[in-house]
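Structural characterization, general
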Amino acid sequence: MDNNDIEQLLYKRYNVGDHLIRTNNQYKVQLNTAMSGGNIGIDRIDKLTYEQKSLVRLFTDYNKLNGKGSKLYTPKKEGKNFHLSIRPGLQHSSISITNTFISSNFFDLYWEEQTTLSKSEVKTPNLGRLPLASSTTLAFGGGYCFANKVSIEIRQRLNKNVFQLVGKPESDYTALSLIFGYTIL
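What comes next concerns the included structure. (Residues numbered from 1 in each chain as written. Predicted model: local features only at pLDDT ≥ 70, side-chain atom pairs only at ≥ 80, totals over all residues. Heavy atoms only, no water.)

1. Looking at the overall build of the protein
The condition is simple: Labels follow the DSSP assignment, with helices taken as runs of H or I lasting at least four residues and strands as runs of E lasting at least two, numbered in each case from the N terminus. The buried label applies to any residue whose accessible area, calculated with a 1.4 Å probe on protein chains only, is under 20% of its type's maximum; exposed applies above 50%, and partly exposed to all values in between. Throughout, a residue-residue contact means that at least one pair of heavy atoms, one from each residue, lies within 4.5 Å.
The helix and strand tally for the protein stands at three helices and eleven strands. Its helices and strands taken in sequence order, the protein reads β-β-α-α-α-β-β-β-β-β-β-β-β-β from the N to the C terminus. Looking at the protein as a whole, 23% of its 185 residues are labelled buried. Sequence separation of at least 24 residues holds for 43% of the intrachain contacts in the protein that already meet a minimum separation of 6.

2. Remarks on the packing of aromatic side chains
As a reminder of what qualifies: Put simply, two rings from Phe, Tyr or Trp (the six-membered ring, in Trp's case) pair if the centres are within 6.5 Å, and we call them stacked under 30 degrees between planes, edge-to-face over 60, tilted for the rest.
Scanning all chains against the criterion turns up four aromatic pairs. With a centroid separation of 4.8 Å and 65 degrees between ring planes, the pair formed by Tyr-27 and Tyr-50 is classed as edge-to-face. Remark: Tyr-50 occurs in the loop between α2 (42–47) and α3 (52–65) and Tyr-27 occurs in helix α1 (residues 26–34); sequence separation between them is 23 residues. Looking at Tyr-50, the relative accessible area reads 33%, which means it is partly exposed. For the ring pair Tyr-144 and Phe-146, a centre distance of 4.7 Å and an interplane angle of 70 degrees mean the geometry is edge-to-face. Each residue in the set Tyr-11, Tyr-27 and Tyr-50 is aromatic and connected to the rest through ring pairs, giving one cluster.

3. Quick word on the nonpolar core
What counts here: Nonpolar cores are built from buried Ala, Val, Leu, Ile, Met, Phe, Trp, Tyr and Cys residues. Side-chain atoms within 4.5 Å join them into one set.
One finds Leu-9, Tyr-27, Leu-31, Met-35, Ile-40, Ile-45, Leu-48, Leu-55, Leu-58 and Tyr-62 forming the largest nonpolar core, which totals ten residues. The set of elements that each furnish at least two residues to this core consists of α1 and α3. Residue contributions to this core peak at three residues, all from α3. If we ignore the near neighbours within four places in the chain, the residues touching Leu-9 are Tyr-27, Gln-30, Leu-31, Tyr-50, Leu-55 and Phe-59. In terms of nonpolar packing, the next biggest core, distinct from the first, is built from six residues, Ile-95, Leu-130, Leu-132 and Val-162 among them.

4. A word on the packing of α1 against α3
Rules: Angles here are taken between N-to-C directions and fall from 0 to 180 degrees, while the axes themselves are lines fitted to C-alpha atoms, restricted in helices to the stretch in contact. Each angle gets one of four labels, with under 35 degrees taken as roughly parallel, over 145 as roughly antiparallel, 65 to 115 as roughly perpendicular, and the rest as oblique. Just so you know the grouping, Ala, Val, Leu, Ile, Met, Phe, Trp, Tyr, Cys and Pro go in nonpolar, Asp, Glu, Lys and Arg go in charged, and all remaining residues, Gly too, go in polar.
Orientation of α1 relative to α3, taken along the N-to-C sense of each, is 5 degrees, at an axis distance of 13 Å. As judged from the angle between their axes, α1 and α3 are roughly parallel. Residues Tyr-27, Leu-31 and Ala-34 of α1 touch α3, and the partners they reach there are Leu-55, Leu-58, Phe-59 and Tyr-62. A class-by-class count of the residues in the contact of α1 with α3 yields seven nonpolar, no polar and no charged.

Right under this line is the structure:
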């Protein structure tokens, strides 16, 4: 083969009737003509299948036998666009509430002085019901994925005041999470 124009190889499978499939193997004639006198036998071209692996092997061998180099250009494989993971985790949360009348710490849902914390309010004996702010909390963290299957991650949520009303007690809510992951798909 010389440095002529690139020519598309012709191969076509088609139906000719009830469950009968014919094949147009014109590519073998094209290759035989292009490679004639190039140390590739006709019998090898006749046994050739129209598959990338077979064709690449033929072109590579032809170039080696004729003292020419080969460079194979392959498209990059695109990754999956959909991933499904299970990500259970552990979270340690703490809140510190400070007031001119009260100063105490508690873990998760209960406080020594019968103060309770729910998703919407804090009940304290001295201050009554205090509504909690529903807001976004900044967090930072990092993790590592092993063999695109198993992962581990740690997240630290930054401190925030959970009370909505101005002039109410100051609070300092923090959370630290440890998250494990397993990718199914």
